[in-house]
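Remarks on the overall topology
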Amino acid sequence: MNYQVKLGENNEIPLPDDLCSELDIKIGDILFCEVVENSSKLVMTKHSNQTLSDADIASAGNLTRVISLSSSK
C-alpha cells in the first residue's frame, strides 16, 4: 500500500482515521520509520516492542509514537 502526504508545519505526518483503521494503527502505537534510499519515500511499520518509553523512542532516532494531531496543537 502506498500513501502520499504533505508534511505538517512541525514535520507531522497526517494519517487519516480510515487509513489507520485499515492498517490497525492506534493512538499510542510505536512505529519504525525507514527512509528508502535515493527516494523521498518513508516506510513505516509497527515496532515489535510497543512498551518503549518516550525516552527510548527518542534515543532510537528512527521510532515515533502515533499521536492525535488535535491534541498536539
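Here the structure is shown first, and the text comes after it.
Report on the accompanying structure. Nothing here was measured: the structure is a model prediction, and the numbers come from that model. (Residues numbered from 1 in each chain as written. Predicted model: local features only at pLDDT ≥ 70, side-chain atom pairs only at ≥ 80, totals over all residues. Heavy atoms only, no water.)

**Section: the side chain of Glu 12**
Looking at where Glu 12 falls in the secondary structure, it is placed in the segment before α1 (17-23). Among the polar contacts made by the side chain of Glu 12, one reaches the main-chain amide nitrogen of Glu 9 at a distance of 3.4 Å. At 3.2 Å, the side chain of Glu 12 forms a polar contact with the backbone nitrogen of Asn 10. (Helix = DSSP H or I, 4+ residues; strand = E, 2+ residues; numbered from the N terminus. Polar contact = N/O pair within 3.5 Å; in protein donor to acceptor, adjacent residues only side chain to side chain.)

**What to know about the pairing of strand β2 (residues 42-46)**
Note: strand β1 (residues 30-35) against β2, 5 bridges, orientation antiparallel. Residue pairing for β2: Cys 33 is matched across the bridge by Met 44. Adjacent in sequence and paired antiparallel, β1 and β2 are bridged by 6 residues, among which Asn 38 carries a positive phi angle near 55 degrees. (Pairing = 2+ DSSP bridges.)

**A few points about the layout of surface pockets**
Volume-wise, the largest pocket comes out at about 780 Å³. Lining the largest pocket are 21 residues, with Asn 2, Tyr 3, Leu 42, Val 43 and Met 44 positioned closest to its centre. Mapped onto the lining of the largest pocket, the elements with two or more residues apiece are α1 and β2. A total of 5 residues in the lining of the largest pocket trace back to one element, the largest contributor, which is β2. In terms of residue class, the lining of the largest pocket is made up of 14 nonpolar, 4 polar and 3 charged. Each pocket or cavity is described by its volume, and for the second largest pocket that value is around 490 Å³. (1 Å grid on protein atoms, 1.4 Å probe; cavity = no way out; pocket = protein on both sides within 12 Å on 5 of 7 lines; lining within 4 Å. Points joined across faces, edges and corners; volume = space filled by probe spheres on them. Nonpolar A, V, L, I, M, F, W, Y, C, P; charged D, E, K, R; others polar.)

In short, shape yes, function no, at least from these values alone.
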